[in-house]
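# Examining the three-dimensional arrangement
Next come the chains, spelled out residue by residue.
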Amino acid sequence: MRYSRNQRKLATARTRLILDKPFLGALVLRLPLVAANPGWCKTTASDARKLYFNHEYIDSLDIQETQFVLAKQALHCALSHFARRQHRIQHRWDLACDYAVNPLLIHDGLKPPPGTLTEDRYEGMTAEEIYHFIDDFDNESSEHEKPSQERAKDGDRDPLQNEGDQHRQPQESRESGPDDEAGKTHDLAPRPDSLTSQQQEEMSIQWQQRLAGAAQQAMQAGKLGGSMARMVDFMLQPKLPWRMLLAKYLTANAREDYSYSRPSSRRGNPAIYPSLRSSQVNVAVGIDISGSVSDQDMNEFLSEVDAIKGNMRARITLLPCDSELTEGAPWIFEPWDDIKMPSVLKGGGGTSFCPVFKWLDLQDQYPDLLVYFTDCQGTFPETAPCYPVIWLVKGKKPAPWGQRIQLN
């Protein structure tokens, strides 16, 4: 009785999602629903190919809460959370993914089960951004929830995106029947095998295509909410390899060419012969120090710039700024110098990008390139400069002009 009742509940929840939330419904339809062995699946889980559920857990939810957990697993897949973990600890990564997804579903009007993890400070952040805060917040969050037993040990590769929230515990069924006998357990799905790196990449591409298709259908029906639309736009924008792009700019400006400058008058031969000379590239580097970009991110970024500039003979002008240039700026590094951040950075509070551009406008020569490392939350100059600008952005904010590259 319980098994058939839960099958009807799942079918009803999926149908309502298709009718009321066509974007989420289309994603859920991509995941076959499979009853899992309760020995490994305590609530719900997905390996990007199927959605596994625990009968007792589904039995404890109402229809609206069932819609939430189905949509949540599908959205985890659509955002490729299964492929984005990389070196991160599994349990902390699962928590970060839950904190990223739960507010999207709640804002879209879905009813979360009791104990669903939400935190205002994480709203609008990606799982990668949230992950860095989980360590500090972990003791506090552990008071609200305990990791599910099916989670992999920290550091292990796990194909499953499990529920990280503290939902109500599965209860004993209110009704029992012949299909509730213990012998039924052998028909339930065992834990699936881990995805290989190639499978993760292939499934990630498939889910990105599904995400785009589902969003298009929902927009045509006029049923794609604002928060979901912004999330889709963020996920589908091109993720360019910024290191390669930066190296391309530097290479283009640092190319060797022939010079026909007049030789020294002390030479005996007055003839002018072409000589091969290399031009030095002048690169300005703006860094947002308003506090929204972590010190670790800044140091990693500067180490990349340092490695590239040595090969390209680039002269770096470092311009840390929040609402004004930090005290002592700028710092200039020749191609043979190691780039190091000053030990103390003092600014004026807030965020404005204008001081960097104003300082560059006052110089005798414009830079060949300005690279600005920021979250793009601040005041921009009204007009674009005459030199190329690359915005390396942590977060979802757009840039009004220049080349915007998503870092996370």
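Values in this document were obtained by computation on a predicted structure and should not be read as measured data.

Moving on, we get to the environment of tryptophan 391. Inspection of the secondary structure puts tryptophan 391 in strand S10 (residues 389-393). Separated by ten residues in sequence, tryptophan 391 and tryptophan 401 have C-alpha atoms that sit 9.1 Å apart. Those residues in contact with tryptophan 391 that lie beyond four places of it in its chain are Phe353, Phe357, Tyr372, Thr374, Phe380, Ala399, Trp401, Gly402, Gln403, Arg404 and Ile405.

Counting buried residues in strand S9 (residues 369-374) gives six out of six residues, a clear majority hidden from the surface. Taking every second residue as pointing to the same face, both faces of S9 are buried, with Leu369, Val371 and Phe373 on one and Leu370, Tyr372 and Thr374 on the other. In terms of strand pairing, strand S6 (residues 281-288) meets S9 through five bridges, oriented parallel. By the bridge assignment, valine 283 is partnered in S9 with leucine 369. Where S9 meets S10, five bridges bridge the pair, whose relative direction is parallel. Residue pairing across strands places leucine 370 opposite valine 389, the latter belonging to S10.

We now examine the pattern of salt bridges. Within the structure shown, the criterion is met by eight salt bridges. Note that lysine 111 is salt-bridged to aspartate 62, the shortest N-O span being 2.7 Å. A residue pair is termed long-range when its members are at least 10 positions apart, and lysine 111 in the loop between helix H5 (90-107) and helix H6 (127-142) and aspartate 62 in the loop between helix H3 (55-59) and helix H4 (63-78) qualify at 49 residues. Judged by relative accessible area, aspartate 62 falls into the partly exposed class, the value being 29%.

Another aspect to go through is the packing of H4 against H5. Running from amino to carboxyl end, H4 crosses H5 at an angle of 125°, the nearest separation of the two axes being 10 Å. By the angle between their directions, the pair H4 and H5 is classed as oblique. Crossing geometry of H4 relative to H5 is assigned as right-handed. Taking contact as the criterion, the partners of Phe68, Ala71, Lys72, Leu75 and His76 in H4 are, on H5, Cys97, Asp98, Val101, Asn102, Leu104, Leu105 and Ile106. Across the contact of H4 with H5, the residue classes break down as eight nonpolar, two polar and two charged.

Reading the values: rules and limits
Residues numbered from 1 in each chain as written. Predicted model: local features only at pLDDT ≥ 70, side-chain atom pairs only at ≥ 80, totals over all residues. Heavy atoms only, no water. Helix = DSSP H or I, 4+ residues; strand = E, 2+ residues; numbered from the N terminus. Contact = heavy atoms within 4.5 Å. Buried < 20%, exposed > 50% of the residue type's maximum accessible area, 1.4 Å probe, protein only. Pairing = 2+ DSSP bridges. Salt bridge = Lys/Arg side-chain N within 4 Å of Asp/Glu carboxyl O. Axes fitted to C-alpha atoms, helices over the stretch in contact; angles between N-to-C directions. Parallel < 35°, antiparallel > 145°, perpendicular 65-115°, else oblique. Left-handed = near helix turned anticlockwise from the far one by under 90°. Nonpolar A, V, L, I, M, F, W, Y, C, P; charged D, E, K, R; others polar.

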